[in-house]
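Working through the structure, step by step
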Amino acid sequence: MIDLDGGAAIVTGAGRGIGRAIALALAAEGANLVLTARTKSEIDQTAAAARNSGSRVLAIPGDAACEDTAQTVVKAAMDEFGAVDVLINNAGFAITSPTYKTEVEDWDRVIAVNLRGPFLFARAVAGQMAGRGSGVIVGISSAAGLRGAPVHSMGAYAASKFGLVGFDESLAESLREFGVRVFTVCPGPVSDAGASARRDPPPEPNPRSVTSTDVANAVLFAIKSLPLAASGRVIDLYQPTF
């Protein structure tokens, strides 16, 4: 298992909502962090809060869908901490548009952030994790990645999140022999995830809503408690089976 105290973790989309909650939960466990998101002011705020736990933190602004960002962030982590123990692929983007009205560039952007980004970051860390025989990668998908988006206007989002589940399951199989664990957390509506006109539309009131802290706790559970034999497991927070 990973000892988070003194280990190093990368969190994408760490400026607010789920990413911020995960970063602070990891810091509370003693992990050192490399945080990335597009908005520098937001990751700087998360970094400052994480440092209050005694963690060493790097905050690197960038677009998670860009190969240069993944390479820059992982190199910085390796240079500063010597290894990457944990990768949290959290950065996400959503649009609200019926599929027949969705612009191609909007579709491409959703797929780029939600699916290409996790691939780029996972590819960048997998080699050194496999070489050390240790590491954990956690993808933040969605209930919409398991059973389709509950609203007709989020087809691109659902497609990207289904893709992330499949990617993580495949990644788990390819890295299992090297001792690297891969998990996917799938929340339903997140009551405090934050909202904008183009990203994270506010959820409808739902008794199955969770908070960002709930998602962070599920991530910690996977990192700290699930063994290699469980690698590839999907943690469904909308219709939990345990």
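Going by the structure above, here's the rest.
Residues numbered from 1 in each chain as written. Predicted model: local features only at pLDDT ≥ 70, side-chain atom pairs only at ≥ 80, totals over all residues. Heavy atoms only, no water.

Quick look at the sheet that holds strand S5 (residues 135–140)
Pairing is parallel across the open sheet formed by 7 strands, whose spatial order is S3-S2-S1-S4-S5-S6-S7. Each edge of the open sheet is held by one strand with a lone partner, namely strand S3 (57–61) and strand S7 (234–236). Each adjacent strand pair in this sheet contributes to an overall mean axis angle of 15°, direction not counted. The pairing of strand S6 (residues 180–186) with S7 spans 3 bridges and is classified as parallel. Within S7, the position partnered with Cys186 by the bridge is Asp236. Seen against the sheet, helix H3 (residues 67–81) touches strand S1 (8–12), strand S2 (32–37) and S3 and runs at an angle of roughly 165° to S2. Most of the contacts of helix H6 (residues 212–225) go to S6, to which it runs at about 155°, and overall it touches strand S4 (86–89), S5, S6 and S7. (Pairing = 2+ DSSP bridges. Helix = DSSP H or I, 4+ residues; strand = E, 2+ residues; numbered from the N terminus. Axes fitted to C-alpha atoms, helices over the stretch in contact; angles between N-to-C directions. Contact = heavy atoms within 4.5 Å.)

So, helix H5 (residues 155–175)
Spanning 21 residues, H5 covers 30 Å between terminal C-alpha atoms, matching the ideal 30 Å at 1.5 Å per step. Every buried residue of H5 is listed here: Ala156, Tyr157, Ala158, Ser160, Lys161, Leu164, Val165, Asp168, Leu171, Ala172 and Leu175. Of the surrounding secondary structure, the elements contacted by the buried residues of H5 are helix H4 (104–132), S5, S6 and S7. (Expected span 1.5 Å × (residues − 1). Buried < 20%, exposed > 50% of the residue type's maximum accessible area, 1.4 Å probe, protein only.)

What about the packing of aromatic side chains?
Evaluated as defined, the whole model comprises 1 aromatic pair. Considering the side-chain rings of Phe119 and Phe167, the 6.4 Å spacing of their centres and the 80° angle between planes classify their relative orientation as edge-to-face. Taken together, the residues span a long stretch of sequence, with Phe119 in helix H4 and Phe167 in helix H5 at a distance of 48 residues. Residue Phe119 is classed as partly exposed on the basis of its relative accessible area of 37%. Judged by relative accessible area, which is 21%, Phe167 ranks as partly exposed. Above the ring of Phe93, the side-chain terminus of Arg109 is found at 5.9 Å from the ring centroid. (Phe/Tyr/Trp six-rings, centres within 6.5 Å; stacked < 30°, edge-to-face > 60°. Lys NZ or Arg CZ within 6 Å of the ring centre and 35° of its normal.)

Considerations on the nonpolar core
Grouped together as the largest cluster of nonpolar side chains are 39 residues, with contacts concentrated most on Ile22, Leu26, Leu33, Ile88, Ile140 and Ile223. Those residues in contact with Ile140 that sit more than four places away from it in its chain are Ile18, Ile22, Ile88, Asn89, Asn90, Lys161, Leu164, Val185, Pro187, Val215 and Val219. Counting residues in each nonpolar core, the second largest holds 33 residues, with Val74, Met129, Leu175 and Val180 among its members. (Core = buried A, V, L, I, M, F, W, Y, C linked by side-chain atoms within 4.5 Å.)

Regarding the pairing of S6
With respect to burial, S6 is a largely interior element, 7 of its 7 residues being buried. Inspection of the sheet shows S5 paired to S6 by 6 bridges, in the parallel sense. Of the residues in S6, the one forming a bridge with Gly139 is Thr184.

Here's the deal with the packing of H3 against H4
How two helices sit against one another is set out by the angle between their axes and by the gap between those axes. Across the interface, H3 lies against H4 with an axial gap of 9 Å and an inter-helix angle of 35°. Remark: the crossing between H3 and H4 carries right-handed chirality. Contact with H3, carried on its side by Glu67, Thr69, Ala70, Val73, Val74 and Met78, involves Arg116, Leu120, Phe121, Arg123, Ala124, Val125 and Gln128 of H4 and no other residues of that element. Here the residues of the contact of H3 with H4 are counted per class, giving 8 nonpolar, 2 polar and 3 charged. (Left-handed = near helix turned anticlockwise from the far one by under 90°. Nonpolar A, V, L, I, M, F, W, Y, C, P; charged D, E, K, R; others polar.)

Some remarks on the pattern of salt bridges
Opposite charge on two side chains makes pairing possible when the charged atoms of those side chains draw close. Inspection of every chain in the model, using the stated rule, returns 10 salt bridges. Two residues, Glu29 and Lys224, come together in a salt bridge whose shortest N-O distance is 3.2 Å. Placement of Glu29 in the loop between helix H1 (17–28) and S2 and of Lys224 in helix H6 is noted, with a sequence separation of 195 residues between them. By relative accessible area, Lys224 is classed as partly exposed at 40%. (Salt bridge = Lys/Arg side-chain N within 4 Å of Asp/Glu carboxyl O.)

Let's talk about H3
The end-to-end C-alpha separation of H3 is 21 Å, in line with the 21 Å expected for 15 residues at 1.5 Å each. Where H3 is buried, its residues touch S1, S2, S3 and H4. Following H3 by one or two positions, Gly82 adopts a phi angle in the positive range, close to 85°.

What about the pairing of S2?
Looking along a regular strand, one sees side chains alternate from face to face of the sheet. Burial runs high along S2: 6 of the 6 residues are buried. As judged from the 5 bridges shared by S1 and S2, these two strands associate in the parallel manner. Within the sheet, the bridge partner assigned to Ala9 lies in S2 and is Leu33. Note on the crossover from S1 through H1 to S2: the handedness is right-handed. One ladder, built from 5 bridges, connects S2 with S3; its direction is parallel. Paired with Val34 across the strands is Leu58, a residue of S3. (Right-handed = clockwise from strand over helix to strand, strands pointing away.)

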